[in-house]
Amino acid sequence: MMKQAYIDHFGVEPQYHIFSPYRVCPIGAHVDHQHGLVTGFAFDKGVDLWFSPSEDSTVELFSLSFEGVVQFDVQAPVQVKNHHWGDYARGAKYALKKRFDLKRGIRGVLKGSLPVGGLSSSAAVLVAYVMALAKANDISLTKMETIKIASEAEREYIGLTNGILDQSCIVLSEKHGLLFLDTATEEYRIIRRHPEMPPFELAIIFSGLTRSLVSSDYNLRVSECRAAAWNMLAYTHQPLKTLDKTFLRDVPKEIFDMTAKQMPQRFARRAEHFYSEYRRVRKAVTAWESGNLELFGKLSFESCESSIHNYECGSPELIAIYELMRTQEGVYGGRFSGAGFKGACIALIDPSKREAIRERITTEYLKQFPEYAKTFEIHFCKPDDGARFIAL
Ligand code: GLA
């Protein structure tokens, strides 16, 4: 279908197809921007980009998910954002141009397979654009370079002060394992599924509510974390760096224990989330390594609990879904997805209970929020490999 849409639009066949998956983070949420530990999977839904390198420096894109056509020149100076889906392609150009001379653009068509909201569709499209523009310009990138470039595009061009969780899951994941990444050192491991681990799938539960992350409290929370770290360092008479170079990871937990009561409690709660999530990720890795899906799931629930009470994100809709998941047979564990200010909850589930899960969560949620009858959705997905070229 996308290939045909490309042919109808450009009059020739596309040369390449990239699939860039969405991601989930069961444990290790809201800590990447503070250089914390994270876990994640990519899964078998995401963004497809069919494209060919242009003859010249123009980029021309259309989407089967969004209105309008995007056109710009990769050689022209970086344009300002115009709050349109085309900003992501311009962001990819911006971040690539910091390192490389771009001579050729791309002509392509794009489509996302699930609604936008909590699954990192923005990072998935950015990774796809970075890979496509690199291909068109004969630039070969390592996985870490792709992650860095896509992430700079989002931070510096789009304006979200996030970390590298999303891009890393999207680029590094492998379908038979869990990604475990230290966002401070950028060291990572894919931990293969234990042979005795029971089968599981990922449930993606969309609340029906959508909102843009840049306009959420995401950036405010990042500043609060930095303020917490700054307070701790100042109270203990340690050298300070500028706020943008201050991370909770650089402050030992003992210092938090000594200073937690002195600082504004709002900041202490953000730090409490960070330190407790660090412990949960460590435990979750051990649980995963030993095939203990029950414990892994329980830690994901605890992670969500900390997001609600310490990090204070979520919405009544997401909290309602989380409460339903907690009492649902067949759900090992789960939490808000992404920043948790919009979109979706995710869960690790027993595939044999799929239909019962769908039935009860849909009925009970819509009793509380009938206004989302048209936009509420549940999908069941499987872990997948990271972003890649698909053979035509
Ligand atoms: C968003 C951000 C990520 C990460 C998550 C929360 O998806 O883009 O960098 O902070 O929220 O874990």
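Got a sec to walk through the side chain of His 17? Specific residues and values, please.
Topologically, His 17 is positioned in strand 1 (residues 16-24). Given the relative accessible area of 10%, His 17 is considered buried. Engagement of the side chain of His 17 in a polar contact is seen with the side chain of Asp 48, the distance being 2.6 Å. Excluding its chain neighbours within four sequence positions, the residues that come into contact with His 17 are Asp 48, Leu 49, Trp 50, Arg 388, Phe 389, Ile 390 and Leu 392.

Describe the domain arrangement of the protein chain, listing the residues and the values that go with them.
Taken domain by domain, the protein chain comprises domain 1 (2-193) and domain 2 (201-381). Between domain 1 and domain 2, the C-alpha centre-to-centre distance is 24 Å. Summed over both partners, the interface of domain 1 with domain 2 comes to about 3600 Å²; 70% of that surface belongs to carbon and sulfur atoms. Three residues, Ile 27, His 30 and Gln 34, lead the burial of domain 1 against domain 2; their summed loss comes to 21% of the area buried on that side. Glu 289 serves as the salt-bridge partner of Arg 189, at 3.0 Å between the closest nitrogen and oxygen. Where domain 1 touches domain 2, the interface holds 17 residue pairs in polar contact (both at pLDDT 80 or more). Taken together, the elements giving at least two residues each to the side of domain 1 that touches domain 2 come down to strand 1, strand 2 (37-53), strand 6 (177-182) and strand 7 (187-192). Ranked by residues supplied to the side of domain 1 that touches domain 2, first place goes to strand 2 with 7 residues. Tallied by class, the residues present in the side of domain 1 that touches domain 2 amount to 20 nonpolar, 14 polar and 8 charged.

Would you mind going over the packing of helix 3 (residues 121-136) against helix 4 (residues 143-158) in detail, with residue names and values included?
It is at 9 Å that the axes of helix 3 and helix 4 come closest, and there the two elements cross at 120 degrees. As the angle between them shows, helix 3 and helix 4 are arranged oblique. Helix 4 is crossed by helix 3, and the crossing has right-handed handedness. Taking contact as the criterion, the partners of Ser 122, Ala 123, Leu 126, Val 127, Val 130 and Met 131 in helix 3 are, on helix 4, Thr 146, Ile 149, Ala 150, Ala 153 and Glu 154.

Criteria and thresholds
- Residues numbered from 1 in each chain as written.
- Predicted model: local features only at pLDDT ≥ 70, side-chain atom pairs only at ≥ 80, totals over all residues.
- Heavy atoms only, no water.
- Helix = DSSP H or I, 4+ residues; strand = E, 2+ residues; numbered from the N terminus.
- Buried < 20%, exposed > 50% of the residue type's maximum accessible area, 1.4 Å probe, protein only.
- Polar contact = N/O pair within 3.5 Å; in protein donor to acceptor, adjacent residues only side chain to side chain.
- Contact = heavy atoms within 4.5 Å.
- Domains from an automatic or database assignment.
- Buried area = accessible area lost by both parts, 1.4 Å probe.
- Salt bridge = Lys/Arg side-chain N within 4 Å of Asp/Glu carboxyl O.
- Nonpolar A, V, L, I, M, F, W, Y, C, P; charged D, E, K, R; others polar.
- Axes fitted to C-alpha atoms, helices over the stretch in contact; angles between N-to-C directions.
- Parallel < 35°, antiparallel > 145°, perpendicular 65-115°, else oblique.
- Left-handed = near helix turned anticlockwise from the far one by under 90°.

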